[in-house]
Amino acid sequence: MRKAAELQPRKALAILKEGNYSGMARSSTFRGYIRGMGPEADWPQVIEDVKGVIGRADIKLKDSDSWVAQTVAIEWAKQDLENSLEWYIRDPERDLSNPKDTTQISSVLGSLPLDEKYLAVNWIDSQRDQPDWNDQLVMSYGRVLASRTMPLDGDVERLAGFISSEDDRFEFVSKFIHPWKTGVEPSIRYPREALNKLVVGANLSVERTAGLQKVIASSKSE
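Calculation rules
- Residues numbered from 1 in each chain as written.
- Predicted model: local features only at pLDDT ≥ 70, side-chain atom pairs only at ≥ 80, totals over all residues.
- Heavy atoms only, no water.
- Axes fitted to C-alpha atoms, helices over the stretch in contact; angles between N-to-C directions.
- Helix = DSSP H or I, 4+ residues; strand = E, 2+ residues; numbered from the N terminus.
- Parallel < 35°, antiparallel > 145°, perpendicular 65-115°, else oblique.
- Left-handed = near helix turned anticlockwise from the far one by under 90°.
- Contact = heavy atoms within 4.5 Å.
- Nonpolar A, V, L, I, M, F, W, Y, C, P; charged D, E, K, R; others polar.
- Salt bridge = Lys/Arg side-chain N within 4 Å of Asp/Glu carboxyl O.
- Buried < 20%, exposed > 50% of the residue type's maximum accessible area, 1.4 Å probe, protein only.

A. Inspection of the packing of helix α7 (residues 81-90) against helix α9 (residues 117-126) at higher detail. Packing of α7 against α9 brings their axes to within 11 Å, and their N-to-C directions diverge by 50°. Judged by the inter-axis angle, α7 sits oblique to α9. Judged by the sense of rotation from one axis to the other, the crossing of α7 with α9 is right-handed. Contacts between α7 and α9 pair L81, E82, L85 and I89 from the former with L119, A120 and W123 from the latter. Taken together, the residues that form the contact of α7 with α9 break down as six nonpolar, no polar and one charged.

So this is what it looks like as structure tokens:
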């Protein structure tokens, strides 16, 4: 269903309006329609079309179909990250200090190609003067990055530098260092030089710095 809807999104929208699909079929068709709109999509109009299918033009997608809202935000972010997140956060008034909301926002940021993660980091930096800011978003996005195989570069170091609490910086950095295999020789996924640079740049206590450096030195490098 999803693939067919991607190939013919307008036809998929018409089918959704008929109300003949439910459950997984409806979800797949919605996702296919949204993804099929492509790089030239008028995303505000797509949102209104989706609301029309739902039958409530006055509602916010977060309150009705949150997964639809996230799919729209992810696809829109591929062309315009700033306006995508402006809608995804401000329209439903998401809280940048709420773990549930920041996890959802981080999923959108994490959908960007790895060579464009600097856009996510720049956007996060631009939000740090918001009244509801408390570093939760950096922590959430850091968890997304730490779960992926990617170059450990200056973008990650910048993120660590955004965090005001040493406890949180330690947690952030540890996600990239702690061995990721169990039951076998402990392994780290990044070059030791890059990990040590991240540790030093995080401005941790002498004890914590030494402890992480010991883990880096004693673990097998993949």
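Additional details are given in the paragraphs that follow.
B. The pattern of salt bridges, seen in detail. The final tally for this structure, using the stated rule, is 10 salt bridges. A salt bridge links D153 to K117; its shortest N-O distance comes to 2.8 Å. Of this pair, D153 sits in the loop between α10 (136-146) and α11 (154-162) while K117 sits in helix α9, and the two are 36 residues apart along the sequence. Judged by its relative accessible area of 3%, K117 falls in the buried class. The shortest N-O distance in the salt bridge between D167 and R208 comes to 2.9 Å. Of this pair, D167 sits in helix α12 (residues 166-177) while R208 is found in helix α14 (residues 206-218), placing the two residues 41 residues apart along the sequence. Accessibility expressed as a relative area gives 48% for D167, which makes it partly exposed. Looking at R208, the relative accessible area reads 26%, which means it is partly exposed.

C. Representation of the packing of helix α3 (residues 23-36) against helix α6 (residues 66-77) in the model. As a packed pair, α3 and α6 sit with axes 9 Å apart at the nearest point and diverge in direction by 20°. Taken together, the axes of α3 and α6 are roughly parallel relative to one another. As α3 packs across α6, the resulting crossing turns out to be right-handed. On α6, the residues touching R26, S27, F30, R31, I34 and R35 of α3 are W67, V68, T71, V72 and E75. Residues of the contact of α3 with α6, tallied by class, amount to five nonpolar, two polar and four charged.

The values reported here are purely geometric and, on their own, carry no functional implication.
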